[in-house]
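# Structural features, examined
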Amino acid sequence: NAGVMQNPRHLVRRRGQEARLRCSPMKGHSHVYWYRQLPEEGLKFMVYLQKENIIDESGMPKERFSAEFPKEGPSILRIQQVVRGDSAAYFCASSPMEETQYFGPGTRLLVL
Amino acid sequence: AQSVTQLGSHVSVSEGALVLLRCNYSSSVPPYLFWYVQYPNQGLQLLLKYTTGATLVKGINGFEAEFKKSETSFHLTKPSAHMSDAAEYFCAVSPPGGYQKVTFGTGTKLQVIP
């Protein structure tokens, strides 16, 4: 059973561009969570999704950030008009029902 | 509201020595508690978790943690450190059952000295 997959593993964007981060949950997992880890800090919750539904987005910045988990395909975290402060590692986790979360390897975003 | 405090952002131990990583939590309800390990440029791996029942929890790689309600603590220990234990460790808390909005501590980097 493959683990949580994230791609790309590294992403470089210039200020003002868009960043799209993808997360494929483990097989059988219908719950996806996104976290952001800034340098020298712990993980901060961003959003919790189930298939086609956003359950909790209380950790998402109000502007430029959006997330989706369509019926088919991976979950997408989208950052529009990136700024240098968006540089961070973004982790996706998945779980079956509402149980222990399993983390992917992360996408490291660098904004130039 | 819930929060986690990890005392010591960096801990150094000699190979073979006891590992003790401290975690204190704050929660308005009896929480679920977790320890995760993160190796460089990798995701988080679950070491162990406490939900209910026995307060001493054993995890992978020889780690264990004890839930002490009176002290609101969930310290992580390992009797004998190995070089491969060098990593960053995160304590986390979530409300019991149901949807898990997990709150992470800021992490402790463990250095193991040969």
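Now for a description of the structure that goes with this document. Everything quoted here is computed from the prediction, not taken from an experiment. (Residues numbered from 1 in each chain as written. Chains lettered and ligands numbered in written order. Predicted model: local features only at pLDDT ≥ 70, side-chain atom pairs only at ≥ 80, totals over all residues. Heavy atoms only, no water.)

## Observations regarding the overall build of chain B
Rule in force here: Put simply, DSSP marks the helices as runs of H or I at least four residues long and the strands as runs of E at least two long, and each gets a number from the N terminus on. In this description the radius of gyration comes from C-alpha coordinates, and the expected globular size is given by 2.2 Å times residues to the power 0.38. Here's how the labels work: a residue is buried when its accessible area is under 20% of the maximum for its type, exposed when over 50%, partly exposed in between, all with a 1.4 Å probe on protein chains only. For this analysis, residues touch if any pair of their heavy atoms sits within 4.5 Å. Residue-level accessible areas treat just the shown protein chains as cover; the underlying method is Shrake-Rupley with a 1.4 Å probe. None of His or the chain ends enter the tally, which takes Lys and Arg as positive and Asp and Glu as negative. Where a charge sits is defined by one atom per residue type, namely NZ (Lys), CZ (Arg), CG (Asp) or CD (Glu).
The helix and strand inventory of chain B stands at zero helices and eleven strands. The N-to-C order of helical and strand elements in chain B reads β-β-β-β-β-β-β-β-β-β-β. In summary, chain B has a C-alpha radius of gyration of 13 Å against a globular reference of 13 Å for 114 residues, a match within 12%. Projected onto its principal axes, the C-alpha positions of chain B cover 40 × 30 × 20 Å. Among the 114 residues that make up chain B, the fraction classed as buried is 43%. Restricting to contacts in chain B with at least 6 residues of sequence separation, those with at least 24 account for 57%. Total accessible area on chain B stands at roughly 5300 Å², and carbon and sulfur atoms take up 55% of it. Between the averaged position of the 8 positive side-chain charges in chain B and that of its 6 negative side-chain charges there is a distance of 8 Å.

## Some words on the side chain of Ser 73 of chain B
Residue and element names in this part refer to chain B. Tracing the backbone through its elements, the reader meets Ser 73 in strand 8 (residues 73–78). For Ser 73, a relative accessible area of 1% corresponds to the buried category. Ignoring sequence-local partners within four residues, the contact set of Ser 73 consists of Cys 23, Asn 24, Tyr 25, Glu 66, Phe 67 and Lys 68.

## Structural notes on the packing of aromatic side chains
Quick note on the threshold: Note on aromatic pairs: the rings of Phe, Tyr and Trp (six-membered ring only in Trp) are paired at centre separations within 6.5 Å, and the planes decide the class, stacked below 30 degrees, edge-to-face beyond 60, tilted for the rest.
Going through the model one piece at a time under the given rule, you end up with eleven aromatic pairs over all chains. Plain terms: the ring middles of Tyr 33 of chain A and Tyr 48 of chain A are 4.7 Å apart, the flat faces sit at 5° to each other, and that makes the pair stacked. Taken together, the positions of Tyr 33 of chain A in strand 4 (residues 31–37) and Tyr 48 of chain A in strand 5 (residues 43–50) put the pair 15 residues apart, joining distant regions of the chain. For the ring pair Phe 103 of chain A and Tyr 36 of chain B, a centre distance of 5.3 Å and an interplane angle of 80° mean the geometry is edge-to-face. Taken together, the residues Phe 103 of chain A in strand 10 (residues 102–103) and Tyr 36 of chain B in strand 4 (residues 32–38) connect one chain to another. Neither residue differs from the other here; Phe 103 of chain A and Tyr 36 of chain B are each classed as buried.

## Thoughts on the sheet that holds strand 3 (residues 19–24) of chain A
Residues and elements named next belong to chain A. What counts here: Strand pairing requires that DSSP identify at least two bridges connecting the strands. Convention adopted: a line fitted to C-alpha atoms gives each axis, helices being fitted over their contacting stretch, and angles between N-to-C directions are expressed from 0 to 180 degrees.
The sheet built from four strands is open, its strands ordered 1-3-8-7 with antiparallel pairing. Sheet topology places strand 1 (5–7) and strand 7 (65–68) at the edges, where each strand pairs with a single neighbour. If you compare each strand with its neighbour and ignore which way they point, the axes differ by 15° on average. As paired elements, strand 7 and strand 8 (residues 75–79) share four bridges and run antiparallel to each other. Paired with Ser 66 across the bridge in strand 8 is Arg 78.

## Details of the interface of chain B and chain A
We apply this condition: For salt bridges, the criterion is a side-chain nitrogen of Lys or Arg within 4 Å of an Asp or Glu carboxyl oxygen. As used in this structure description, the phrase polar contact means that two N or O atoms lie within 3.5 Å; if the pair is within protein, one of them must be able to donate a hydrogen and the other to accept it, and residues adjacent in sequence are counted only when both atoms belong to side chains. Each residue gets one label: Ala, Val, Leu, Ile, Met, Phe, Trp, Tyr, Cys and Pro are nonpolar, Asp, Glu, Lys and Arg are charged, and the others, such as Gly, are polar.
Taken together, the contacts link 18 residues of chain B with 21 residues of chain A. For the interface between chain B and chain A, the tally reads zero salt bridges. Across the contact surface, chain B and chain A share three residue pairs in polar contact (both at pLDDT 80 or more). Breaking the side of chain B that touches chain A down by element, the ones donating at least two residues are strand 4 and strand 5 (44–50) of chain B. Considering every element that reaches the side of chain B that touches chain A, the biggest residue donor is strand 5 of chain B, with three residues. The residue makeup of the side of chain B that touches chain A, split by class, is seven nonpolar, eight polar and three charged.

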